[in-house]
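Survey of secondary and tertiary structure
Here is how the chains run, residue by residue.
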Amino acid sequence: MNEAEFARVALPHLDAAYTLARWLLRDPVAAEDVVQDAMLRALTYFAGFRGTNARAWLLQIVRNTAYARMAQRRGVQEEPLDPDGKHEHLADPGGDPEAALQGAEVVSALHRALAALPAELRECVVLRELEEMSYRDIARVTGVPAGTVMSRLFRARQMLLRIGRDAGAKERTA
Amino acid sequence: MTDATASFPPAGVPPACEEMQLLIQADLDGELDAAATAVLAAHLRDCAGCAALQRELANLSGRLHAELRPEAAPASLRRALEARLAPAAAAPPAPGGFRRRLAPLLSFGAGAAIAASLALMLPRTGADPDGELVAGHIRALQPGHLTDVASSDQHTVKPWFDGRIDYAPPVMDFVAQGFPLVGGRLDYIGGRPVAALVYRRDKHPIDLFVWPSQGSAEPVMDTRNGYNVLRWARDGMAFRAVSDLNAKELADFARLWQGAS
């Protein structure tokens, strides 16, 4: 049956799908919702899937669903009861990333530096470093040429290094 | 690659090193071929700046790897999807099908996150069954998926649903009026199994979803993703006809049902 075959192909990549959605949306509740949406959407498209690289195929759908949700969220940011807008604000270190990088919280410092990157850069780092995808697969997921993936990855890493260096400098002068 | 070289060279980096930066990165990412690796190695021997960048990038990758692990999808999400994708393996259909879908979420734990996720999920399935029906219709249009039981005989289609759902949907054939019955299918809408009767009008397939519910007998037309959705109720059953057929002929189809006894 269609559903069973789809489950066999797609469910092994559920963690990867959730990881990407988590990092894009920076909100576990919205991420769960988006992944569920994306999986059902993928089921609809499953007949068009040609059987090569299910992970990239699936993550592309998750990524597009997440971007649609983020666009929708920006549209309703003024809504006072919008829990997503609140989460976004909390997840963003704001104008003082150094404050987030001090003390013993080394793990969360890098975490927060990555979370503060623009989404187009953040997704490249997540797909490369956490999912260990090739440039070609990242290009497929994000819908840009491999050269753009390389430049975005480099920009992202430059920014992460700069945040780390600034924090180190501040520590030394303190 | 124009994007690569145009957008990020930090001020003061010699042109030769700008070229090397992407090679350093590609090397660390395991994307560099042997020839380029040799070129890079030669450059790194002579350039302290690029050698330092290589160390920094390698260190950063190591830390990202060590500190940021892929996250496991919540068990509630996995269970919800497994239930949705494996209807055959699920328990026999029960009247509480809709609640059954939410049960995994509730057992996941208590707290604000759960309340919030329920708030996000409930209205979607509750308020927009038409969207799900259209999705079900589109899925069924894929080759070989239109019907689980292919028959133009209502006396074959109707008993096929016995034991597969907990109600007996009315099955009619309108071949004389130009809407021949093609077969039947089991679909999952709002987390519960729903009978879908499949008809054709010329080349247009029509899915008629039927489930026990009260509602207005008067047909109401709606469109979703370019598909017409016509809904009405009769004898304690809710009907939704979904098709790319034009609205007028779909309304004719509904009138046949309403006039039938």
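Residues numbered from 1 in each chain as written. Chains lettered and ligands numbered in written order. Predicted model: local features only at pLDDT ≥ 70, side-chain atom pairs only at ≥ 80, totals over all residues. Heavy atoms only, no water.

**What about the environment of L181 of chain B?**
Residues and elements named next belong to chain B. Assignment of secondary structure puts L181 in strand β2 (residues 181–189). Put simply, L181 and V157 are 24 residues apart on the chain and 9.1 Å apart in space, counted from C-alpha to C-alpha. In this view, L181 contacts S151, S152, D153, Q154, V157, V171, M172, D173, V198 and Y199; residues no more than four positions away in its chain are not counted. (Helix = DSSP H or I, 4+ residues; strand = E, 2+ residues; numbered from the N terminus. Contact = heavy atoms within 4.5 Å.)

**Describing the packing of helix α2 (residues 14–25) of chain A against helix α4 (residues 54–75) of chain A**
Residue and element names in this part refer to chain A. One way to put it is that α2 packs onto α4 with a least axis distance of 9 Å and a crossing angle of 25 degrees. Of the possible angle classes, the one that applies to α2 and α4 is roughly parallel. By crossing handedness, the relation of α2 to α4 is classed as right-handed. Between α2 and α4, the residues in contact are A16, A17, L20, A21, L24 and L25 and R55, L59, V62, R63, A66, Y67, R69, M70 and R73, respectively. Residue composition of the contact of α2 with α4, by class: eleven nonpolar, no polar and four charged. (Axes fitted to C-alpha atoms, helices over the stretch in contact; angles between N-to-C directions. Parallel < 35°, antiparallel > 145°, perpendicular 65-115°, else oblique. Left-handed = near helix turned anticlockwise from the far one by under 90°. Nonpolar A, V, L, I, M, F, W, Y, C, P; charged D, E, K, R; others polar.)

**Description of the pairing of β2 of chain B**
Each regular strand shows side chains that alternate between the opposite faces of the sheet. Residues and elements named next belong to chain B. Most of β2 is tucked away: seven of the nine residues are buried. For strand β1 (residues 149–150) and β2, the ladder comprises two bridges, and the chain directions are antiparallel. Bridge pairing in β2 places V149 opposite G184. For β2 and strand β3 (residues 192–201), the ladder comprises eight bridges, and the chain directions are antiparallel. Note that in β3 the partner of R185 across the bridge is A196. (Buried < 20%, exposed > 50% of the residue type's maximum accessible area, 1.4 Å probe, protein only. Pairing = 2+ DSSP bridges.)

**Details of the sheet that holds strand β5 (residues 220–224) of chain B**
Residue and element names in this part refer to chain B. Strands sit in the order β1-β2-β3-β4-β7-β6-β5 across an open sheet of seven strands; the sheet is antiparallel. The sheet terminates laterally at β1 and β5, the two strands that pair on one side only. Helix-sheet contacts for helix α10 (residues 247–259) involve β3, β4 (204–212), β5, β6 (227–234) and β7 (237–243), and the interaxial angle to β6 is about 20 degrees.

**Digging into the UniProt feature "domain: Putative zinc-finger" (unreviewed entry) in chain B**
When the UniProt feature table is mapped onto this chain, "domain: Putative zinc-finger" (unreviewed entry) is found at residues 17–51 of chain B. A helix fraction of 83% and a strand fraction of 0% characterise residues 17–51 of chain B, whose end C-alpha atoms lie 10 Å from each other. (UniProt positions renumbered as here; feature names shortened; annotations may be inferred.)

**Comments concerning helix α5 (residues 75–85) of chain B**
Where α5 of chain B is concerned, the buried positions are S76, L77, A80, L81, R84 and L85 of chain B. Buried residues of α5 of chain B, viewed axially, fall in a sector of 155 degrees; they line one side. (Arc of directions from axis to C-beta.)

**What to know about the confidence of the model for chain B**
Residue and element names in this part refer to chain B. A residue-level look at chain B finds 75% of positions with pLDDT of 70 or above and a mean pLDDT of 76. Averaged over each element, pLDDT in chain B is lowest for helix α7 (residues 112–127) (36) and highest for helix α4 (residues 48–67) (92). Scored below 50 in pLDDT, residues 1–10 makes 19 contacts in the model with residues more than four places away or belonging to other chains. Considering only residues more than four positions removed or in separate chains, one finds that residues 89–127, a stretch of pLDDT under 50, has 56 contacts. (pLDDT = per-residue confidence, 0-100.)

**Some details on the packing of helix α3 (residues 28–45) of chain A against α5 of chain B**
One way to put it is that α3 of chain A packs onto α5 of chain B with a least axis distance of 10 Å and a crossing angle of 20 degrees. In terms of orientation, α3 of chain A lies roughly parallel with respect to α5 of chain B. Judged by the sense of rotation from one axis to the other, the crossing of α3 of chain A with α5 of chain B is right-handed. Taken together, the residues of α5 of chain B that come into contact with α3 of chain A (itself represented by E32, V35, Q36, M39, L40 and L43 of chain A) are S76, L77, A80, L81, R84 and L85 of chain B. A per-class count over the contact of α3 of chain A with α5 of chain B returns eight nonpolar, two polar and two charged.

**Points about the packing of aromatic side chains**
Think of a pair of aromatic rings as described by two things: how far the centres are apart, and how the planes are tilted against each other in angle. For the coordinates displayed, the defined rule picks out 13 aromatic pairs over all chains. Ring centres of F46 of chain A and F49 of chain A lie 6.0 Å apart, and the angle between their planes is 20 degrees; on these two criteria the pair is classed as stacked. Looking at F46 of chain A, the relative accessible area reads 8%, which means it is buried. Taking the centre distance of 5.1 Å and the plane angle of 80 degrees together, the rings of W160 of chain B and F161 of chain B count as edge-to-face. Through a chain of ring-to-ring contacts, the aromatic side chains of F174, F179, Y199, W232, F239, F253 and W257 of chain B assemble into a single cluster. We note R63 of chain A situated over the ring of Y67 of chain A; from NZ or CZ to the ring centre the distance is 4.0 Å. Here the guanidinium or amino end of R201 of chain B rests over the ring plane of F179 of chain B, the centre of that ring lying 4.4 Å away. (Phe/Tyr/Trp six-rings, centres within 6.5 Å; stacked < 30°, edge-to-face > 60°. Lys NZ or Arg CZ within 6 Å of the ring centre and 35° of its normal.)

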